[in-house]
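Okay, here's what each chain looks like letter by letter:
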Amino acid sequence: MSEEDVIGYWLGAGSRPFPVRRGETITLGRDSQNSVMLFDAHASRRHAEVFCNARGEVFVIDLGSSNGTYLNDGRMEANKPSSLRSGDNIRIGGKVFTFISNQPGLEARAIEQDAHQQIASMQTLTFSKEEMAQVDSALPPTREQKGVNAGETWSPQKESDSGIALAGSLTDQNLAQIMQFLNANGRTGELLVKGHGLDGNIAFEKGQIFRARAGVAQGDEAVFQCARLREGTFQFKIRTFPPDRQANIATSTMNLVFECCRQMDDESRGAGT
C-alpha cells in the first residue's frame, strides 16, 4: 500500500507509531498472533480491534473481553464498533493507546481525558513471553488494586512535587504521544527532553505548543528532532509564561504531532523495521 493509504497512527504500541491504513485491521490482545501483543493480565487473548474501512473511517471494537476496553475513560459495549477521532484514547488494562490523524472528518474532538492519572494509582500485572504462556488458561484479574504501576513507563507525579507533572523514559514511549496527552489536557509548562547529546525544550500554553528549541534548531524542526529520539528522558514542568512571551511555532499542535508520527514511520520503513 502507498503512503496515501495511511489514515492515521496508533501510538502506545511501542517506541514508534503504528500506521493505520485504509482497509486494514489492527488486532490487540495477549495472543502472539495479534498485530499488537499485550503483556498484561488485564488483557484478553483477543481483546480488541481497530479497523479502517475503504472510506477512511476508523473504528475500535471490544471483542467481548473480560475486563473491557475504555474509550476516553468510558467502558465500551462489547462487539459494538465506535468511531475514532484524532486524539482519542483507548485503554486496555494498564496500557493507553492514542489515535492520531489529520484526515478531514477525523479532527480532534473536545474530550476530558484523565486515563493516565487513573493508571498512576492502579497496579497492572505484566508478564514476559514465557510467563504469558502460563496464564493463558486463567481468567484475568477483575479487581484493580492500588499500588505501583509496573507496566507503564510514564511516571505521573503530583503537581506540587517540584512542579513536575510527568517524567519518564523515551525507550518504550514516543514523544508524539506525550505531546498529544499534554495537548488534550490543556497543560501549560515546559517539556524538557534529553538524549544522545540533544537537550530540547518544548513550551506549551493551554495545550498548544508555541515555542521549541533543540540544540541549534528552533521552531517546528526542534520539535521533530526531539520526537526522533529513541532513548533518553523527559520531564514536563508546570510553569506560567509572561503575556509578551516569544513564539516560534505557527503550526497547530495536532498537525505537529501527526508530522512527527509520519517522520518516525518513514525512518522505520527506511531502516527496514
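Predicted model, so just to flag it, every value in this text is computed and none were measured.

A. Geometry of the overall build of the protein. Helix and strand counts for the protein stand at 5 helices and 17 strands. Within the protein, the proportion of its 273 residues that are buried is 49%. The long-range fraction of contacts in the protein, counting pairs at least 24 apart against all pairs at least 6 apart in sequence, stands at 58%. Summed over all atoms, the accessible surface of the protein reaches about 12700 Å², with 47% contributed by carbon and sulfur.

B. Main features of the sheet that holds strand 6 (residues 58-62). Reading across the sheet, the 5 strands line up as 4-3-5-6-9 and stay open at both edges, with mixed pairing between neighbours. Across the chains shown, the open sheet's two edge strands, defined by having one partner strand only, are strand 4 (36-37) and strand 9 (82-83). Relative to strand 4, strand 3 (residues 25-29) is paired through 2 bridges, and the arrangement is parallel. Across the sheet, the residue bridging to Gly-29 is Met-37, located in strand 4.

C. Region of the structure containing the packing of aromatic side chains. Within this structure, the stated rule accounts for 5 aromatic pairs. A ring pair is formed by Phe-204 and Phe-236, whose centres lie 6.0 Å apart and whose planes are at 85°; its orientation type is edge-to-face. Residue Phe-204 is found in strand 14 (residues 198-205), and its partner Phe-236 is found in strand 17 (residues 233-238); the two are separated by 32 residues along the sequence. With a relative accessible area of 0%, Phe-204 lands in the buried category. Across from the ring centre of Tyr-70, 4.5 Å away, lies the NZ or CZ of Arg-91, which sits over that ring.

D. Geometry of the pattern of salt bridges. Here the structure, examined in full by the defined rule, presents 10 salt bridges. Residues Arg-262 and Asp-266 are paired through a salt bridge, measuring 2.6 Å at the closest nitrogen-oxygen approach. Pair noted here: Arg-262 and Asp-266 are both in helix 5 (residues 253-270), with a separation of 4 residues, about one helical turn. Judged by its relative accessible area of 24%, Arg-262 is partly exposed. Overlapping salt bridges bring together Glu-190, Arg-211 and Arg-239 as one network.

E. Molecular detail of the nonpolar core. Residues Leu-175, Met-179, Leu-182, Leu-191, Ile-202, Phe-204 and Cys-260 are the most contacted members of the largest nonpolar core, which totals 38 residues. Ranked by residue count, the leading element in this core is helix 5, at 7 residues. Discounting residues that sit within four places of it in the chain, Met-179 has contacts with Leu-191, Ile-202, Phe-204, Ile-209, Val-223, Val-257 and Cys-260. Counting 21 residues, the second largest nonpolar core, distinct from the first, contains Trp-10, Leu-28, Val-50 and Met-76.

F. Just the sheet that holds strand 1 (residues 6-11), in detail. Pairing within the open sheet is antiparallel, and its 6 strands lie in the order 2-1-11-10-7-8. At either margin of the open sheet sits one strand with a lone partner, and together these are strand 2 (18-21) and strand 8 (74-75). This element, helix 3 (residues 175-184), spans strand 1, strand 10 (89-92) and strand 11 (95-100) of the sheet and lies at about 85° to strand 11.

G. Region of interest: the pairing of strand 5 (residues 48-52). Most of strand 5 is tucked away: 4 of the 5 residues are buried. Here strand 3 runs beside strand 5; their pairing, made up of 4 bridges, is antiparallel. Along strand 5, the bridge assignment pairs Thr-27 with Glu-49. Bridge count for strand 5 against strand 6 is 5 bridges, and the pairing is antiparallel.

The rules behind each value
Residues numbered from 1 in each chain as written. Predicted model: local features only at pLDDT ≥ 70, side-chain atom pairs only at ≥ 80, totals over all residues. Heavy atoms only, no water. Helix = DSSP H or I, 4+ residues; strand = E, 2+ residues; numbered from the N terminus. Buried < 20%, exposed > 50% of the residue type's maximum accessible area, 1.4 Å probe, protein only. Contact = heavy atoms within 4.5 Å. Areas by Shrake-Rupley, 256 points an atom, 1.4 Å probe, with all protein chains shown as cover. Pairing = 2+ DSSP bridges. Phe/Tyr/Trp six-rings, centres within 6.5 Å; stacked < 30°, edge-to-face > 60°. Lys NZ or Arg CZ within 6 Å of the ring centre and 35° of its normal. Salt bridge = Lys/Arg side-chain N within 4 Å of Asp/Glu carboxyl O. Core = buried A, V, L, I, M, F, W, Y, C linked by side-chain atoms within 4.5 Å. Axes fitted to C-alpha atoms, helices over the stretch in contact; angles between N-to-C directions.

Any functional reading would require information that these geometric values do not contain.
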